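Residues per chain are reported as follows:
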Amino acid sequence: MLRITLHDGEKAIVNGAVIKAIGRTQLCVENKVSILRGREVMSPQDATTPARRLYLACMLAYIDPEHRTAHQNMTVEVLREVMATLPGDDAKVACVRFANDIAHAQYYRALSSARDLIAIEAASHATALPAA
């Protein structure tokens, strides 16, 4: 059983349906379901880097099973790009963990690795910026 608390006005996606809490709301999920809280949802406009596009493709594969194959194909394409652009062992480990989760259809778990890659990507861009 999964318990989720949503605060007033907080949104979540449950099996592709967007729900919005009115007042503090507790959900008790008793079967297998694809669920994301609003803060875990990325809009296409926010997918501005390879790691962010990877997160978006994985998120869509998770919440849109009707088009999962297309989203999985996009995930594999973007993962190649991420692997080619992110340096370092931390990035390689996160990419392998992500690929393993995707291969086992563990999309929600893969989102965690994608968040790690977003952080690694942001850190690598921050260190690559010239000093002012």
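One can find the structure itself at the top, above this paragraph.
Thresholds applied
Residues numbered from 1 in each chain as written. Predicted model: local features only at pLDDT ≥ 70, side-chain atom pairs only at ≥ 80, totals over all residues. Heavy atoms only, no water. Helix = DSSP H or I, 4+ residues; strand = E, 2+ residues; numbered from the N terminus. Buried < 20%, exposed > 50% of the residue type's maximum accessible area, 1.4 Å probe, protein only. Salt bridge = Lys/Arg side-chain N within 4 Å of Asp/Glu carboxyl O. Phe/Tyr/Trp six-rings, centres within 6.5 Å; stacked < 30°, edge-to-face > 60°. Pairing = 2+ DSSP bridges. Axes fitted to C-alpha atoms, helices over the stretch in contact; angles between N-to-C directions.

A.B. asks: I keep staring at the overall build of the chain and nothing clicks. Help me out?
C.D. replies: The number of helices and strands found in the chain is four helices and five strands. Each helix and strand of the chain, placed in order from N terminus to C terminus, yields the pattern β-β-β-β-β-α-α-α-α. Overall, the C-alpha framework of the chain stretches about 45 × 40 × 25 Å when taken along its three principal axes. Across the 132 residues in the chain, those meeting the buried criterion constitute 37%.

A.B. asks: Help me understand the pattern of salt bridges, please; the structure alone is not making it clear to me.
C.D. replies: Where side chains of opposite charge bring their charged atoms close, a pairing between them can arise. Inspection of the entire model under this criterion finds four salt bridges. Here Arg-37 and Glu-10 are joined by a salt bridge, their closest N and O atoms 3.2 Å apart. Taken as a pair, Arg-37 in strand E5 (residues 35-37) and Glu-10 in the loop between strand E1 (2-6) and strand E2 (11-14) lie far apart in primary sequence, 27 residues in all. Considered together, Arg-37 and Glu-10 belong to a single accessibility category, that of buried residues. The closest approach of N and O atoms between Arg-39 and Glu-10, which form a salt bridge, is 3.6 Å. You can see Arg-39 sitting in the loop between E5 and helix H1 (50-63) and its partner Glu-10 sitting in the loop between E1 and E2, a full 29 residues away along the chain. Overall, Arg-39 belongs to the exposed group, its relative accessible area being 65%. By sharing partners, the salt bridges in this structure join Glu-10, Arg-37 and Arg-39 into a single network.

A.B. asks: Can you walk me through the packing of aromatic side chains in this structure?
C.D. replies: What characterises a pair of aromatic rings is the spacing of the ring centres plus the angle enclosed by the ring planes. What the rule picks out here adds up to one aromatic pair. Look at Tyr-62 and Tyr-108: their rings are 5.8 Å apart centre to centre, the planes differ by 50 degrees, and that puts the pair in the tilted class. With Tyr-62 in helix H1 and Tyr-108 in helix H4 (residues 107-128), this residue pair connects regions lying 46 residues apart in the sequence. Taking relative accessible area as the criterion, Tyr-62 reaches 9% and is therefore assigned buried. Among the residues examined, Tyr-108 registers a relative accessible area of 37% and is labelled partly exposed.

A.B. asks: Can you help me understand the sheet that holds E5 in this one?
C.D. replies: Strand order in the open sheet formed by three strands is E3-E2-E5, with antiparallel pairing between adjacent strands. One side of each edge strand has no neighbouring strand; the edge strands of this open sheet are strand E3 (17-20) and E5. Across the sheet, the axes of successive neighbouring strands diverge by a mean angle of 20 degrees, strand direction being ignored. Here E2 runs beside E3; their pairing, made up of four bridges, is antiparallel. When the bridges of E3 are listed, Lys-11 appears paired with Lys-20.

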